[in-house]
Structures are given as C-alpha cells and as structure tokens.
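Examination of the molecular architecture
So you can see what is in the structure, the chains are spelled out below.
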Amino acid sequence: MHRLHNTVKNFEWGSTDAIPAILGTVPDGTPCAELWLGAHPVSPSRLEVGHPHTQAPLEWQNRLGGQATTGNVATEAGPRLGPNLIEYLAGDPEGLLGHDSLDSFGARLPFLLKVLSASKALSIQVHPNREQARAGFAAEEAAGPALDAPDRNFKDASAKPELIYALTDFHALTGFRPRKAVRATFERMLSQPLTPASLDVLGAIIGALKSFSESKALSRAVEIILSDPRTPGLVDEVAVHGLDELPAGHISRSGSAVDPAQTFCELVIDYPHDPGALVGIMLNRVHLQPGEALTMDAGVLHAYLFGTGIEIMASSDNVVRGGLTSKHVDIEQLSAITDFHSGAPRMVEPDRTGMLLGPTDDFALQALRCPRMTTVERRGAAIALCTAGTVTLSSLGSTLTLERGQSAFIAANEPTVTADGHGDLFVGTTGLNFGAAGR
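Residues numbered from 1 in each chain as written. Predicted model: local features only at pLDDT ≥ 70, side-chain atom pairs only at ≥ 80, totals over all residues. Heavy atoms only, no water.

Turning our attention to the overall build of the chain. The helix and strand inventory of the chain stands at 13 helices and 21 strands. Its C-alpha atoms give the chain a radius of gyration of 23 Å, near enough to 22 Å, the size a compact globule of 439 residues would have. Taken along the three principal axes of its C-alpha coordinates, the chain extends 75 × 50 × 45 Å. Evaluated residue by residue, the chain yields a buried proportion of 54% over its 439 residues. When contacts within the chain are restricted to residue pairs at least 6 apart in sequence, those whose partners lie at least 24 apart make up 77%. With an accessible surface of roughly 17800 Å², the chain has 52% of that area assigned to carbon and sulfur atoms. Each charge class in the chain was averaged separately, 34 positive and 49 negative side chains, and the resulting centres sit 3 Å apart. (Helix = DSSP H or I, 4+ residues; strand = E, 2+ residues; numbered from the N terminus. Rg over C-alpha atoms; globule rule 2.2 N^0.38 Å. Buried < 20%, exposed > 50% of the residue type's maximum accessible area, 1.4 Å probe, protein only. Contact = heavy atoms within 4.5 Å. Areas by Shrake-Rupley, 256 points an atom, 1.4 Å probe, with all protein chains shown as cover. Lys, Arg positive; Asp, Glu negative; His and termini not counted. Charge placed at Lys NZ, Arg CZ, Asp CG, Glu CD.)

As structure tokens, this is what we get:
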C-alpha cells in the first residue's frame, strides 16, 4: 500500500470549494473541477516515498539516493514524491496489476478515479465503444493531428464507460427521453412570437420528430439543431420569451426530474446562444440524492449539470462533444457514435459489500461508510480515497491511515486488506469476476 499525491484540474465549470474542502485546503476562488487518481498519461498520480507506513520499491529508493531529485518534492514540512503510477506499474505489471487484469487490459491501470465538482454544466458529450475508439484513434493518428489538437476526438484506443456516485445533490442529463415527450417540449415553443427564421428551424425540428422511426427521428432532430446556422437565433428568442412551467403530469415533462423549461433556462444562462441547450432538453434529467449512483455506457449522450460526486471510468480521454462548449463539436462523429434510442437512466445500487458495478469490466467502485474491519474488495489493483473522517487500512500487520483527502494505491499482490474507522472510503478497482449483478 502506497500513499498517492494527485492532480486537481481547474476547468472553468468547476466549483471553487467542494474539492478544497475534501483536501483540507483553503479555497482561493480558482475553479477546482476534478481530482484525478490513477495512471492516466495526462496526469498520473505519484507515490509518496519515505512515509513511515509505506515504502517505495528498492530500485526507486536507490535511484533517489535518499535525496530529492528534479520533479520530487522534499521539504522538512512535506513528503517526498517518487515515481508516478505509470512508472511504478511498469516495474512489475503482473504483480501490481494482477494476472487477470493484465490479460484483459494489458500493462496499464484500466480505470481512472475522480472527485468531480461542477458549478455549471459540462459539455454534452458521448464516448465511443472499444471498436469505435480503436478505429477512430487509428484514423486520427494516420491523419497526423497532435494529441492535444483542438479538433481531435480520439486521444487513445479505449472505450470510456463511466459511473457517478453523488456526494451532494447531483443533477445530470443522460440518454434520450421518449420521442413524444421531446416533440411536446418543442411544440411548446410554437406559441411564442418567433421570427420567421426561428419558426422555420423549429418547424424542421418538430417535423423530424414526427417522421421516421424513433431513433432516426431523434438523430435527425439533433443533426438539425447542431448544423442549422439559424439555431442560435432560436435559442436566443426562446430564452427571451421564456416557457411557462407546466404541471408534473404533462407529457413534455416525461423523463425529466424538473420541467424541461427549467433545464433550458439553466443551460442558456451558462451557455448563451449555444444550440446544445436544445439538445439538452431532449435528454433525461436525473436528480441524484447523496449516495445514489448513475452509470453510462458508450454511446449514451450525457452531461453533468451541477453537484459533487465520485466518478470512476475506464482510463480514456475520448470525448465527442455535442454542445454547451466552446470546444470542437463533431456532428458526423456524434451521429456515428450516439445511441439514439430513448431509454430510462441506468441507476446502480450497491450490493451488500458496498460494491457498485458499471456496464463493463473496466471498473467497479466500493463505497464504505464508517467501515468496521470491512474487507476491501479488489479484482486486481485498487485505489482508495478517504473523503471524510479517518479510515485505517490493514494488511498482514501493515497499516496505513488515511485522513480526509488522502489516498492510497493497493497492489494486486497485497494480501487481504481491511478498512476500519469513522470515515468515508471509496475504492476503485476493476470490475473483473464480480459477476453480472448490477450490469
């Protein structure tokens, strides 16, 4: 077991206080959107060396020579940092990751654990499945754009299913609402005093929703919204005139935790003129209470709106965006990757051990509240994060105490680990061999 030091991502949609509160730092007004824990190449976690309860591998101790080296932090008041997690795993892939994980995912940690805290909506987005990711990554690599090119969709050859566990009230958009509900929502806009151009594009959207099969109708409507140059004007006019709220039983509210008029209003405040506000009201809106969880497979169009939660996903950075962003929107790729069938959000409940499973074997999340000598469930390597109180991890006489905001890497070849304490612990691991429950 090894303590980890992790990276905070300062994306502009992040809240300023939730992640600092978990880390025990003073907010300074900077948006703190995500805390990354894992071995993703963009921001891999680093191991702490020299802590009395943990020790880096001998080769790293020798390499450091007991002294600080470039890139390591070494002060009397703070810890000294050793290798990042990618470098560490490369030293013994089978022992640290486990044979089954190595066989299924190769010599890499297949999941990425995050704390996510949003004060406004993230971009509407969709992620590819493995076959789409491999083909898309190969095509973009052959075309030659740099990995950080602004118009790049595929940063790697991996799928990106994900799961979010709410720490606070958490609102999200996920998957399409029934076509009749979507059409009824757009028809509410017909009573407004719109310009001829806006009426034309609104009529095209409603016409698309009346024809074809449901999936083709939803696909065509999204394509019109994102490609028609008159759509921003429609967004602006609807925002000015507003939509009257309707009672909960109205068909246009089906699939939404609030009136879609409220969702539209919130989105245009954060993203004026953005066509994504109209895509957003086509999606299911979910209100997660603390302790509830939602999972999304590849192909599910979604956006997180606001709130703080623990997110776990396959270790990938493949994102195709469909609005609510100043970044690249690729309508062709979005249409190819998105599942345009309507369906209910996929909620996930923990089993008796606190384990939550996603739609694939890439990850699983164990949520432990005030554990009492509770076994830490692992299928390969694991990362543990304490978000409140204090939790002690124990294994064959070795202990590691995690306080709020502290985390640890647990190798696959570590003997049975138990957790005990008055605190909240979240453990990310692979979803291998947990069975079909929850999937």
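Attention shifts here to the UniProt feature "domain: Mannose-6-phosphate isomerase cupin" (unreviewed entry) in the chain. Sites flagged by UniProt as "domain: Mannose-6-phosphate isomerase cupin" (unreviewed entry) map to residues 360–427. Between the first and last C-alpha atoms of residues 360–427 the distance is 17 Å; the span itself is 0% helix and 62% strand. (UniProt positions renumbered as here; feature names shortened; annotations may be inferred.)

Counting 45 residues, the largest nonpolar core has Phe186, Ile205, Leu278 and Met282 as the members making the most contacts within it. Not counting the four nearest positions on each side in its chain, leucine 278 is found in contact with Phe186, Met189, Ile225, Thr231, Leu234, Val235 and Phe264. Ile19, Leu97, Ile312 and Ala411 belong to the second-largest nonpolar core, a separate cluster that totals 33 residues. (Core = buried A, V, L, I, M, F, W, Y, C linked by side-chain atoms within 4.5 Å.)

Quick look at the UniProt feature "active site" (unreviewed entry) in the chain now. Under the feature "active site" (unreviewed entry), the UniProt entry names Arg321. Dropping the residues within four chain positions of it, arginine 321 is found in contact with Ser123, Ile124, Gln125, Lys327, His328, Val329, Asp330 and Leu334.

What follows concerns the side chain of aspartate 156. Within the fold, aspartate 156 resides in the loop between helix H6 (130–143) and strand E8 (162–166). An unpaired buried charge is present at aspartate 156: no salt bridge exists, and arginine 108, the closest side chain of opposite charge, is 7.2 Å distant. At a separation of 3.0 Å, a polar atom in the side chain of aspartate 156 contacts the main-chain amide nitrogen of serine 158. (Salt bridge = Lys/Arg side-chain N within 4 Å of Asp/Glu carboxyl O. Polar contact = N/O pair within 3.5 Å; in protein donor to acceptor, adjacent residues only side chain to side chain.)

Taking 1.5 Å of rise per residue, 14 residues should cover 20 Å, and H6 covers 20 Å from first to last C-alpha, within 8% of that figure. Listing the buried residues of H6 in full gives Ala133, Gly136 and Glu140. Each buried residue of H6 sits inside an arc of 75° when the element is viewed along its axis, so together they form one side. Turned more than 90 degrees away from the buried face of H6 sit Glu131 and Ala142, all of them exposed. In this structure asparagine 129 caps H6, since a side-chain oxygen of it lies 3.2 Å from the backbone nitrogen of glutamate 131. (Expected span 1.5 Å × (residues − 1). Arc of directions from axis to C-beta.)

Attention shifts here to the side chain of glutamine 366. Within the secondary structure, glutamine 366 sits in strand E16 (residues 364–369). Separated by 3.3 Å, the side chain of glutamine 366 and the backbone oxygen of threonine 375 make a polar contact. From its side chain, glutamine 366 meets the backbone nitrogen of glutamate 377 in a polar contact 2.9 Å long. With sequence-adjacent residues up to four places away left out, glutamine 366 is seen in contact with Thr353, Gly354, Met355, Thr375, Val376, Glu377, Leu425, Phe426 and Val427.

Turning our attention to the packing of aromatic side chains. Summed over all chains, the structure comprises five aromatic pairs. Seen in terms of ring centroids, tyrosine 165 and phenylalanine 426 are 5.1 Å apart; in terms of plane orientation they differ by 65°. Their pairing is edge-to-face. Of this pair, tyrosine 165 sits in strand E8 while phenylalanine 426 sits in strand E21 (residues 418–429), and the two are 261 residues apart along the sequence. For the pair phenylalanine 170 and tyrosine 304, a centre-to-centre distance of 5.3 Å together with 75° between the ring planes defines the contact as edge-to-face. Here phenylalanine 170, found in strand E9 (residues 170–176), pairs with tyrosine 304, found in strand E12 (residues 302–314); they are 134 residues apart in sequence, far enough to count as distant. (Phe/Tyr/Trp six-rings, centres within 6.5 Å; stacked < 30°, edge-to-face > 60°.)

It is worth spelling out the layout of surface pockets at this point. Taken as a whole, the second largest pocket spans an internal volume of roughly 390 Å³. In this structure, the second largest pocket is lined by 16 residues; those nearest its centre are Leu4, His5, Leu23, Gly405 and Gln406. Looking at the lining of the second largest pocket element by element, the count peaks at three residues for strand E1 (residues 2–5). For the lining of the second largest pocket, the residue count by class is five nonpolar, seven polar and four charged. (1 Å grid on protein atoms, 1.4 Å probe; cavity = no way out; pocket = protein on both sides within 12 Å on 5 of 7 lines; lining within 4 Å. Points joined across faces, edges and corners; volume = space filled by probe spheres on them. Nonpolar A, V, L, I, M, F, W, Y, C, P; charged D, E, K, R; others polar.)

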